[in-house]
Amino acid sequence: MSLIKMSKSLLYTLALLMYTKPTPVSSQNPDSLRVTSASMGKEIPCLVFTPQFHDLQIKKYPVLYLLHGYDGGWLSWEWLRADLQHWADHYRMYIVCPDAGNSWYLDSPVDPEIRYERFVAFELPAQIERIYPTIPHRNGRALAGISMGGHGAAFIALRHPDIFTGFASTSGGLDLRPFADEWNLKTILGPQSFSNPHWTEHSAVSQIEKWSGQDFKIYLDCGKADFFLQVNRDFHLALKERNIPHLYLENDGGHDADYWVRSMQYLMAFVYGMFYGEESSYSTHPWTDAP
């Protein structure tokens, strides 16, 4: 087994999960909100999972903003069997799941009605923090997502490290350029051509070049049979070339719900470590780095 070397402060609780399967402590239903986006002139539905953890020492909790994939929505997590209330309870965090259509979480350079980077980075956290007792600074905010949402988490977090402490991506489409004819991208970015810089500017991998050395936490995983495997490996190598600390994992599986359900426990453990700084060893972790 091979793993990316990281400081002990990033060696969180993944191995611990191999031995323990926590039991949900609440069957509470999530809150359903409609959050106003002034930049798009509409209300956007969101689910909010509230941690049911009674600790008198904790007055405010961190927030994970969890982003769905293409052709998904704010209710996708129900059919994915993600059990987000379980993770909110066990890891003492709010989990907020906004709807973003098929926007790729971008502010479109060709369609002024698509402003989802602005919504996720600014409008949504501001309103969540007015409603819930959350930690209102970067150490209490993180992004995560699957597929299109993995791209959104990486793209937005890397562009706004003053707002988010890090991101976690599962099966992320981290470079849009190889997929010019796929997934509605032309309607968001315009035709791909040498005279159109939008495809590079709006790909998550391109944000690595702008890195300025902030304390930042990064998690990536992808299935070995996933059509996004190569762009994940390229993203991982770009981080390595700049000596940016991160964790990159691969496992058997494709771009599907079975893989995402299995990967969720490791993603959530890493996010918990982002917020609470718990440490453990990877010595029993079954997933491996790229060759």
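What you are looking at is a predicted structure, and each value in this text was computed from that prediction instead of being measured.

Draft legend 1. View of the nonpolar core. Core analysis: the largest hydrophobic core is formed by 57 residues, its most contacted members being L143, F167 and F235. Looking at this core element by element, the count peaks at seven residues for helix α4 (residues 148-159). Discounting chain neighbours no more than four positions away, the residues touching F167 are L143, A153, A154, A157, L158, F216, K217, I218, Y219, L220, F235 and M274. Grouped together as the second largest cluster of nonpolar side chains are 33 residues, I95, A168, Y219 and Y266 included.

Draft legend 2. The packing of aromatic side chains, seen in detail. Inspection of every chain in the model, using the stated rule, returns 12 aromatic pairs. Aromatic side chains Y65 and F164 sit 6.3 Å apart centroid to centroid with 80 degrees between the ring planes, which places their arrangement in the edge-to-face category. Taken together, the residues Y65 in strand β3 (residues 63-67) and F164 in the loop between α4 and β6 (166-170) connect sequence positions 99 residues apart. A centroid spacing of 4.7 Å and a plane angle of 25 degrees characterise the contact between Y91 and Y272, whose relative ring orientation is stacked. Of the two residues, Y91 sits in the loop between α2 (84-90) and β4 (94-98) while Y272 sits in helix α8 (residues 257-276), which places them 181 residues apart along the sequence. You can call Y91 buried: its relative accessible area is 4%. Joined through ring pairs, the aromatic side chains of W87, Y91, Y272 and Y276 make up one cluster. The cationic tip of R92 hangs over the ring face of Y276; the distance from NZ or CZ to the ring centre is 4.5 Å.

Each value, and the rule that gives it
Residues numbered from 1 in each chain as written. Predicted model: local features only at pLDDT ≥ 70, side-chain atom pairs only at ≥ 80, totals over all residues. Heavy atoms only, no water. Core = buried A, V, L, I, M, F, W, Y, C linked by side-chain atoms within 4.5 Å. Buried < 20%, exposed > 50% of the residue type's maximum accessible area, 1.4 Å probe, protein only. Helix = DSSP H or I, 4+ residues; strand = E, 2+ residues; numbered from the N terminus. Contact = heavy atoms within 4.5 Å. Phe/Tyr/Trp six-rings, centres within 6.5 Å; stacked < 30°, edge-to-face > 60°. Lys NZ or Arg CZ within 6 Å of the ring centre and 35° of its normal.

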